[in-house]
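Tertiary structure, described
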Amino acid sequence: MRKILSLILILFTMCLLGACEKEGLSVDIAESSSDSVVQGADESGTLAVGENGIFSLKNNHFMYFDYVTEKNYVICNRANCRHNNDDCSGWYEGYQGAYGLAEYCGKIYCFIFNEDSNALELISMKRDGSERKTVSKIQCGDSTPNSWNLVERGKSTYYAGGKAFTTLYWMYNPDDKSEEDVQTQQSVAIDLNSGKIIELTERKKESVECEISGISKDHCIITMKGEAGEYLSETEFYKEFETGGFDSVREIKNAENPYEAYYMLRSTEIPWWYKFIAFDNNKNQTTLIQEGTIEPSIDEDGDCKYMLPFVVSGIHNDYAIIETLKESKIDDEGVVGVSENHIYKWFFDDDGKIESLLDIDDGYMFDAGGIEAGVTVDDNKLLYLKRKPKMMAEYYSYNIDTGKEQKMYDAERDVPYRIIGETKDKFIYYTYDDKKKYMNIIKKSDYYRGNFKNATRIEALDEEF
């Protein structure tokens, strides 16, 4: 009886993964244009939305949800494949062993960690899952002294202008055991034709945060920041501590772990440096477009914050969209939040000229569209809310090209209909509760009018918290 139950479970799992498809992958995966910017799916729940379906990474498989059949498929073209080893083009090994799955310009791309070659590999395959190939490799290194080790994948991955863009998390292991390991980040681009790796930022032996803040087929903007001061090493600290150097600092002198207390206190005193770097995708050149320092500030909740002079939210046409944020305590919410949001055009390629675009009082623009390094939806629209009494808000769209503001609907303030991707005429969005995200697809015209009753559920992509 136990053997029969085991056999039934195995067959059921195979069917769920599409293994019962005798002819392999049979759905049509649409080809994106060379002008498009595509963000890859990852295991943290980010999905890659295409015109005919949605890519995801799940249970060590490259998955594709088809809008027509409303089913999930493993991206594999082998008939009767079990989808459980390297023979399957839709399978990958290891926990968080892949990221950046997407279709771009007629091929499917993804980064995978290959333990055999000790490398992060960018792979490609045809849209039916055949001809899986390695485009490029980044060696992961190891944790031996005086060496670099790629410890994990970075933030979001994008495909634009014939390249893949991603950020890598490195750790440097010093030769001197008394020195601390250095964790740092580095943004890179990979040419999808040649496999050439382009270092957009330098890999430094200091703690640096990198983020791809805006991207188009022609440009990429990277925000970099790091501490502009130094810490005593543990050896240096205790040498000074034991001779009374910190006797006047009660938080350190009376601490259970004095060095940890010193480190925490010092982190609230050191200013940070920042840089905005622009990469020209046609010339393969990077340019420093602005730099400066940020002093720490304490907000109304007593938390230490480092506020950039502005935030890069995306690129539209030949300029970046940037924001300045004013934070204060929201009375009826009882927490610190964005009270003023000012949005500008930044012509970073034209002497840094800045023009005002939109001012939002008692509200803010929210991310939408499925591209974290972008802020527009439907090509030229910004979405934002304005607070109203009783924890409600009015939701608006703003056409960048015409300057027209359009009210869409009223809802709770927590952005209950959050867009994560779009096709030519539809949005994919989710609602949520404390248990999971509920995925939906809706015509854009219905979304703009708040006609959410016309949406269609996509239960196969719901995500539990």
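This one's a predicted model, so the numbers in the text were calculated from it and none came from an experiment.

The 4 strands are arranged E15-E16-E17-E18 in an open sheet whose pairing can be described as antiparallel. Each edge of the sheet is formed by a strand with only one pairing partner; in this case those strands are strand E15 (209–215) and strand E18 (285–294). Between one strand axis and the next, the sheet turns through 20° on average, direction left out of account. Strand direction decides the pairing type here: strand E17 (residues 272–280) and E18, joined by 9 bridges, are antiparallel. Within the sheet, the bridge partner assigned to Trp273 lies in E18 and is Thr293.

Time to look at the layout of surface pockets. Of the volumes computed, that of the largest pocket is approximately 1,200 Å³. Asp35, Ser36, Val37, Val38 and Ile371 are, among the 45 residues lining the largest pocket, the residues nearest its centre. For the lining of the largest pocket, the secondary structure elements donating two or more residues are strand E1 (38–39), strand E2 (48–49), strand E3 (53–58), strand E21 (311–316) and strand E29 (418–422). Each residue belonging to the lining of the largest pocket can be placed in one class, and the counts come to 16 nonpolar, 18 polar and 11 charged. Size it by volume and the second largest pocket reaches roughly 1,000 Å³. Around the second largest pocket, the lining comprises 31 residues; the ones closest to its centre are Asp181, Val182, Ser207, Tyr231 and Tyr263. Residue assignment for the lining of the second largest pocket shows that the elements contributing at least two residues are strand E10 (147–153), strand E12 (163–173), strand E13 (182–191), strand E16 (219–227) and helix H4 (258–267). The element contributing the most residues to the lining of the second largest pocket is E13, with 4 residues. Along the lines of polarity and charge, the residues of the lining of the second largest pocket split into 13 nonpolar, 7 polar and 11 charged.

All buried positions along H4 are accounted for by Pro258, Tyr259, Ala261 and Tyr262. Seen from one end, H4 has its buried residues packed into an arc of 160°, which puts them on one side. When the buried face of H4 is taken as reference, the exposed residues oriented beyond 90 degrees from it are Glu260 and Met264. Contacts from the buried residues of H4 go to helix H2 (234–241) and helix H3 (250–253).

What follows concerns the pairing of strand E6 (residues 98–104). Summarising burial for E6: 7 of the 7 residues are buried, a large majority. Judged from the 5 bridges that link them, E6 and strand E7 (residues 107–114) form a sheet pairing that is antiparallel. Bridging across to E7, Tyr104 finds its partner in Lys107. Counted between consecutive antiparallel strands, the loop separating E6 from E7 contains 2 residues, among which Cys105 sits at a positive phi close to 55°.

Across all of its chains, the model carries 41 aromatic pairs by this definition. Seen from their ring centres, Phe237 and Phe241 are 5.5 Å apart, and the 25° between their planes marks the pair as stacked. Highlighted residues: Phe237 and Phe241, both in helix H2, separated by 4 residues, approximately one helical turn. On the accessibility criterion, Phe237 (0% relative accessible area) is buried. Taking the centre distance of 5.7 Å and the plane angle of 90° together, the rings of Phe427 and Tyr448 count as edge-to-face. In this pair, Phe427 is assigned in strand E30 (residues 426–432) and Tyr448 in helix H5 (residues 444–449), connecting sequence segments 21 residues apart. Linked through ring pairs, Phe366, Tyr395, Tyr409, Tyr417, Phe427, Tyr429, Tyr447, Tyr448 and Phe452 together constitute an aromatic cluster. Over the ring of Trp170 we find Arg203; its NZ or CZ atom is 4.5 Å from the centre of that ring. Across from the ring centre of Phe347, 4.9 Å away, lies the NZ or CZ of Lys353, which sits over that ring.

Further remarks concern the nonpolar core. Phe62, Leu122 and Tyr159 are the most contacted members of the largest nonpolar core, which has 41 residues in total. Listed in part, the 19 residues of the second largest apolar core include Leu385, Ala393, Ile442 and Ala455.

Now for the sheet that holds E3. Spatial ordering of the open sheet is given by E2-E3-E4-E5, a layout of 4 strands whose pairing is antiparallel. On the outer flanks of this sheet lie E2 and strand E5 (71–74), each paired with one strand and no other. Taken together, the 4 bridges between strand E4 (residues 61–66) and E5 define a ladder with antiparallel strand orientation. By the bridge assignment for E5, Phe65 is matched with Asn72.

Attention shifts here to the packing of H2 against H4. H4 packs onto H2 with a crossing angle of 105° between their chain directions and a minimal axis gap of 10 Å. Here H4 runs roughly perpendicular to H2, going by the angle between their axes. Across the interface between the two elements, Glu234, Phe237, Tyr238 and Phe241 of H2 pack against Pro258, Tyr259 and Tyr262 of H4. Split by residue class, the contact of H2 with H4 holds 6 nonpolar, no polar and 1 charged.

This paragraph deals with the pattern of salt bridges. Enumeration over the complete set of coordinates arrives at 23 salt bridges. Residue Glu340 pairs with Lys326 through a salt bridge whose shortest N-O separation is 3.8 Å. Linking Glu340 in strand E23 (residues 335–347) with Lys326 in strand E22 (residues 319–330), this pair joins segments that are 14 residues apart in sequence. A relative accessible area of 26% places Glu340 in the partly exposed class. You can call Lys326 partly exposed: its relative accessible area is 45%. The closest approach of N and O atoms between Glu405 and Lys386, which form a salt bridge, is 3.3 Å. Of this pair, Glu405 sits in strand E28 (residues 405–412) while Lys386 sits in strand E26 (residues 381–388); the two residues are 19 residues apart in sequence, bridging distant segments of the chain. With a relative accessible area of 38%, Glu405 lands in the partly exposed category.

Reading the values: rules and limits
Residues numbered from 1 in each chain as written. Predicted model: local features only at pLDDT ≥ 70, side-chain atom pairs only at ≥ 80, totals over all residues. Heavy atoms only, no water. Pairing = 2+ DSSP bridges. Helix = DSSP H or I, 4+ residues; strand = E, 2+ residues; numbered from the N terminus. Axes fitted to C-alpha atoms, helices over the stretch in contact; angles between N-to-C directions. 1 Å grid on protein atoms, 1.4 Å probe; cavity = no way out; pocket = protein on both sides within 12 Å on 5 of 7 lines; lining within 4 Å. Points joined across faces, edges and corners; volume = space filled by probe spheres on them. Nonpolar A, V, L, I, M, F, W, Y, C, P; charged D, E, K, R; others polar. Buried < 20%, exposed > 50% of the residue type's maximum accessible area, 1.4 Å probe, protein only. Arc of directions from axis to C-beta. Contact = heavy atoms within 4.5 Å. Phe/Tyr/Trp six-rings, centres within 6.5 Å; stacked < 30°, edge-to-face > 60°. Lys NZ or Arg CZ within 6 Å of the ring centre and 35° of its normal. Core = buried A, V, L, I, M, F, W, Y, C linked by side-chain atoms within 4.5 Å. Parallel < 35°, antiparallel > 145°, perpendicular 65-115°, else oblique. Salt bridge = Lys/Arg side-chain N within 4 Å of Asp/Glu carboxyl O.

All we've got here are geometric facts, nothing functional implied.
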